[in-house]
Amino acid sequence: MLPKTGKQFPVSSSVVPVVLPMKSLEAEPKQVSGGVLIDVPVQQVVVGRRMRPTDPLKVSELAQSFIDINIINPISIDENYKLIAGNHRLAAAKECGWETVRAIVFTHDELINQLQEISENLFVNSLCYISQSEHIAKREEILAVLGKRTKRGHSAADGVFS
């Protein structure tokens, strides 16, 4: 069981380890397939060396999606809060100013953690340009119906929404 009062984690030798209070939005951590689902403070997640660089455009797109509909897929971390997968999601949560982010805590060994990161990057189901365009158009249509997009020719300050 993960501690609910705080978590100490190792950091670079030039930085003093920090203990931050851990506040879960869940009453109790929830068991999910292969791990435990919690809400973890974004500042406690340790981001080590990544297999691919973070794309700032993708982070901004995800941040806008989080604002529109919230996070869909949690990040993956180990029991020391080291990021396994979800660097773009973590960066987007930070960009949104979130204090916590949904995470699945796994207790695998380091090789399995690396395999999980690699698999998530390799087997992402990217859309072709036509499908991507169709998805964007449908998404914007739905957001307009939900009142999250302004009508053409108006600004949000006008208060005229679709």
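Structure report, in brief. Quick caveat: nothing in here was measured; it's all calculated off a predicted structure.

### Digging into unusual backbone geometry
Consideration 1: Residue N70 is not a glycine yet carries a positive backbone phi of 80°.
Consideration 2: Within the secondary structure, N70 is located in the loop between α1 (56–69) and β5 (75–78).
Consideration 3: With a phi angle near 65°, Y81 is a residue other than glycine that sits in the positive phi range.
Consideration 4: Secondary-structure assignment places Y81 in the loop between β5 and β6 (83–85).

### Section: the pairing of β5
Consideration 1: The side-chain alternation of β5 yields two buried faces, one formed by I75 and I77 and the other by S76 and D78.
Consideration 2: Bridge count for β5 against β6 is 2 bridges, and the pairing is antiparallel. Residue pairing in the sheet places I77 in a bridge with L83 of β6.
Consideration 3: Here β5 folds back onto β6 in antiparallel fashion, the turn holding 4 residues, of which Y81 has a positive phi close to 65°.

### Section: the side chain of D68
Consideration 1: Mapped onto the secondary structure, D68 falls in helix α1.
Consideration 2: Reaching out from D68, the side chain makes a polar contact with the side chain of R139 at a distance of 2.9 Å.
Consideration 3: Sequence-distant contacts of D68, defined by excluding residues within four places in its chain, comprise R139, L143, K148 and R149.

### Description of the packing of aromatic side chains
Consideration 1: A full pass over the atoms with the stated rule returns 1 aromatic pair.
Consideration 2: Plain terms: the ring middles of F66 and W98 are 5.1 Å apart, the flat faces sit at 15° to each other, and that makes the pair stacked. Residue F66 is located in helix α1, and its partner W98 is located in the loop between α2 (87–95) and β7 (100–106); the two are separated by 32 residues in the primary sequence.
Consideration 3: Classification of F66 as buried rests on a relative accessible area of 6%.

### A look at the pattern of salt bridges
Consideration 1: A full pass over the atoms with the stated rule returns 8 salt bridges.
Consideration 2: Linking D68 and R139 is a salt bridge whose minimum nitrogen-to-oxygen distance equals 2.9 Å. Of this pair, D68 sits in helix α1 while R139 sits in helix α4 (residues 129–145), and the two are 71 residues apart along the sequence.
Consideration 3: Three or more residues joined by partner-sharing salt bridges are found here, namely D68, R139 and E140.

### Describing α4
Consideration 1: Helix length check: α4 (17 residues) gives 24 Å between terminal C-alpha atoms against 24 Å at 1.5 Å per residue, within 8%.
Consideration 2: Just past α4, the residue G147 takes up positive phi, approximately 80°.

Definitions and cut-offs
- Residues numbered from 1 in each chain as written.
- Predicted model: local features only at pLDDT ≥ 70, side-chain atom pairs only at ≥ 80, totals over all residues.
- Heavy atoms only, no water.
- Helix = DSSP H or I, 4+ residues; strand = E, 2+ residues; numbered from the N terminus.
- Buried < 20%, exposed > 50% of the residue type's maximum accessible area, 1.4 Å probe, protein only.
- Pairing = 2+ DSSP bridges.
- Polar contact = N/O pair within 3.5 Å; in protein donor to acceptor, adjacent residues only side chain to side chain.
- Contact = heavy atoms within 4.5 Å.
- Phe/Tyr/Trp six-rings, centres within 6.5 Å; stacked < 30°, edge-to-face > 60°.
- Salt bridge = Lys/Arg side-chain N within 4 Å of Asp/Glu carboxyl O.
- Expected span 1.5 Å × (residues − 1).

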